[in-house]
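Structural characterization, general
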Amino acid sequence: MTLTAPAAAHEAAHARELTRAELLRTEVPGPESRRLHAERLEHVPQGVSWALPVYIESGSGAILTDVDGNRFVDLGSGIGVTTVGHADPAVVAAASAQLAKLTHTLYTVTPYRGYAELAAKLAERTPGDHAKKTMFVNSGAEAVENAVKIARKHTGRRAVAVLDHAFHGRTMLTMAMNHKAAPYGTGFGPFAGDVHRVPNSYPYRDGLDGAEAAARTIAYLERRIGVGELAAVIAEPIQGEGGFIVPAEGYLPALQRWASANGVVFVADEIQSGLARTGRWFASEHFGLVPDLVLTAKGIAGGLPLAGVTGRAEIMDAALPGGLGGT
Ligand SMILES: *Cc1c(COP(=O)(O)O)cnc(C)c1O
């Protein structure tokens, strides 16, 4: 990726700062972070937890500065969100200009320019050269929920299959789609029905090649759900929250072929693996996978609330006018 001139200057400034600066000015967490943490404990529920109780004042590129003036390399990246870094000048300029002009009308009431422009970009960047359409929502979980709605409407079927070790979000439907009960689901049931968990490909642990792992997954799908019931298979091409699990070569394309042959919508949840996180625009590309629907969030907007469902035009058009959206 070539950097624009302002971005290159910004990077150079970092390199200089890092070599001369004392990164830590106080103990960690510092006194102001400790004060803010006590305030937080009083006003914010513990369910909204923290990894490191260091309160951040500003960010630039990969560097975070806390409220006590300590600086850190941001290996957290908001969990795969700040892929282009903090306060990138090009992003700040574009977002500021838009903020000064217009923030909201509701696209389904009186539309504006950017929605279809971004949809066209996603059609170009996501795998496959078929006709595609995109809808946008506010979060990754909401993208997953909409993919399920669209796949059900398109197929007229109800069941959805998810893989072992999957993570798909924290809303009522996506909670039922996660592998881990604690902390995501424990005590929050009843859970949405028609969600089935099937084995994934985990070559480091299971020793199966792609074809063997796909045969195992497909056997589960056929026996436990039945093809006539199954609307969608939803897979992270490289699993994220489950532990950065890379499937065996050939596993995902074999699943996709089976899905296509059986009228099942194959959904790639690229919310964490997409947007250049794995070195390609989408992790699907590493495996020659062309999903029917591709989900984006996280890195797509660097922390502003945006997510997308991009997919085959004929599938995306299944929902009736007004069936998709949100204020
Ligand atoms: C983070 C994540 C989600 C949920 O995205 P939110 O924006 O937090 O709702 C869904 N799927 C995967 C693979 C994720 O990593």
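Residues numbered from 1 in each chain as written. Predicted model: local features only at pLDDT ≥ 70, side-chain atom pairs only at ≥ 80, totals over all residues. Heavy atoms only, no water.

1. Considering the environment of A51
Relative to the assigned elements, A51 resides in the loop between helix 2 (31-43) and strand 1 (56-60). The sequence separation of A51 and P29 amounts to 22 residues, and the corresponding C-alpha distance is 12 Å. (Helix = DSSP H or I, 4+ residues; strand = E, 2+ residues; numbered from the N terminus.)

2. Looking at the packing of aromatic side chains
Tallied over the full model, the rule gives four aromatic pairs. What links up through ring pairs into an aromatic cluster is the set Y107, Y112, Y115 and F136. (Phe/Tyr/Trp six-rings, centres within 6.5 Å; stacked < 30°, edge-to-face > 60°.)

3. Quick look at the site of the ligand
Every residue close to the ligand is listed here: S139, G140, A141, F167, H168, E236, D269, I271, Q272 and K298. For the ligand, a nitrogen atom lies 3.3 Å from a polar atom in the backbone of F167. Between a nitrogen atom of the ligand and a side-chain N or O atom of D269, the distance comes to 2.7 Å. Summarising the interface, the protein chains cover 81% of the accessible area of the ligand, which totals 380 Å² for the free molecule. (Near = heavy atom within 4 Å. Polar contact = N/O pair within 3.5 Å; in protein donor to acceptor, adjacent residues only side chain to side chain. Areas by Shrake-Rupley, 256 points an atom, 1.4 Å probe, with all protein chains shown as cover.)

4. As for the sheet that holds strand 6 (residues 195-198)
In a beta sheet, neighbouring strands pair by backbone hydrogen bonds and run either parallel or antiparallel. Reading across from one edge, 4-10-9-8-7-5-6 is the order of the seven strands in this open sheet, with mixed pairing throughout. Only two strands of the sheet have a single neighbouring strand rather than two, namely strand 4 (132-137) and strand 6. Across the sheet, the mean angle separating the axes of adjacent strands is 20° when strand polarity is ignored. Taken together, the four bridges between strand 9 (residues 293-296) and strand 10 (residues 307-312) define a ladder with antiparallel strand orientation. Its bridge partner lying in strand 10, L295 is registered against V309. (Pairing = 2+ DSSP bridges. Axes fitted to C-alpha atoms, helices over the stretch in contact; angles between N-to-C directions.)

5. Considering the pattern of salt bridges
Using the criterion set out here, one finds seven salt bridges in the structure. A salt bridge links E32 to R35; the nearest nitrogen and oxygen atoms lie 3.0 Å apart. On the criterion of helical spacing, the pair formed by E32 and R35 is a turn pair, its members being three residues apart in helix 2. Notably, a salt bridge pairs K180 with E241, separated by 2.8 Å at the nearest N-O pair. Residue K180 is found in the loop between helix 7 (172-175) and strand 6, and its partner E241 is found in the loop between strand 7 (230-235) and helix 10 (251-261); the two are separated by 61 residues along the sequence. (Salt bridge = Lys/Arg side-chain N within 4 Å of Asp/Glu carboxyl O.)

6. Description of helix 4 (residues 89-101)
Helical periodicity: at 3.6 residues per turn, an α-helix aligns residues three or four positions apart in one direction. The terminal C-alpha atoms of helix 4, which comprises 13 residues, lie 18 Å apart, in line with the 18 Å expected from a rise of 1.5 Å per residue. Where helix 4 starts, the residue carrying a side-chain oxygen 3.0 Å from the main-chain nitrogen of A90 turns out to be D88. (Expected span 1.5 Å × (residues − 1).)

7. A short note on the domain arrangement of the chain
For the chain, the assigned domains read domain 1 (5-97) and domain 2 (104-316). Placing the centre of domain 1 and that of domain 2 at their C-alpha centroids yields a distance of 31 Å. At the junction of the two partners, domain 1 supplies six residues and domain 2 supplies seven residues. Where domain 1 abuts domain 2, roughly 620 Å² becomes buried across the two surfaces, and 61% of that area is made up of carbon and sulfur atoms. For domain 1, the biggest contributors to the area lost against domain 2 are G80, V81 and T83; these three give 64% of the whole. Where domain 1 meets domain 2, there are two residue pairs in polar contact (both at pLDDT 80 or more). Tallied by class, the residues present in the side of domain 1 that touches domain 2 amount to two nonpolar, four polar and no charged. (Domains from an automatic or database assignment. Contact = heavy atoms within 4.5 Å. Buried area = accessible area lost by both parts, 1.4 Å probe. Nonpolar A, V, L, I, M, F, W, Y, C, P; charged D, E, K, R; others polar.)

8. Considerations on a nonpolar patch on the surface
On the surface, L23, L24 and V28 cluster together into a nonpolar patch covering about 220 Å² of accessible area. Here L24 is to be found in the loop between helix 1 (5-20) and helix 2. (Patch = residues over 30% accessible without salt bridge, like charges linked within 9 Å, V, L, I, M, F, W, Y side chains within 5 Å.)

9. Focus on the nonpolar core
Membership of the largest hydrophobic core comes to 36 residues, with the highest contact counts inside it found for M177, V267, L293 and V309. With six residues, helix 6 (residues 140-155) is the largest single contributor of residues to this core. Not counting residues within four places of it along the chain, the set of residues in contact with V309 comprises K133, T134, M135, A143, N146, A147, I150, L293, V294, L295 and M316. Grouped together as the second largest cluster of nonpolar side chains are 24 residues, A213, L221, V233 and Y251 included. (Core = buried A, V, L, I, M, F, W, Y, C linked by side-chain atoms within 4.5 Å. Buried < 20%, exposed > 50% of the residue type's maximum accessible area, 1.4 Å probe, protein only.)

10. With respect to the sheet that holds strand 3 (residues 71-73)
If you walk across this open sheet you meet the three strands as 1-2-3, and the pairing is antiparallel. Single-partner strands in this sheet number two, and they are strand 1 and strand 3. Geometrically, the sheet is characterised by an average inter-axis angle of 25° between neighbouring strands, direction not taken into account. Summarising the sheet, strand 1 and strand 2 (residues 63-66) pair through four bridges and their orientation is antiparallel. Across the sheet, G59 pairs through a bridge with L64, a residue of strand 2.

11. Quick notes on the packing of helix 9 (residues 210-225) against helix 10
Running from amino to carboxyl end, helix 9 crosses helix 10 at an angle of 35°, the nearest separation of the two axes being 8 Å. Where helix 9 crosses over helix 10, the handedness of that crossing is right-handed. Residues G210, A213, A214, T217, I218, L221 and E222 of helix 9 lie in contact with helix 10, whose contacting residues are Y251, A254, L255 and W258. When its residues are assigned to classes, the contact of helix 9 with helix 10 shows eight nonpolar, two polar and one charged. (Left-handed = near helix turned anticlockwise from the far one by under 90°.)

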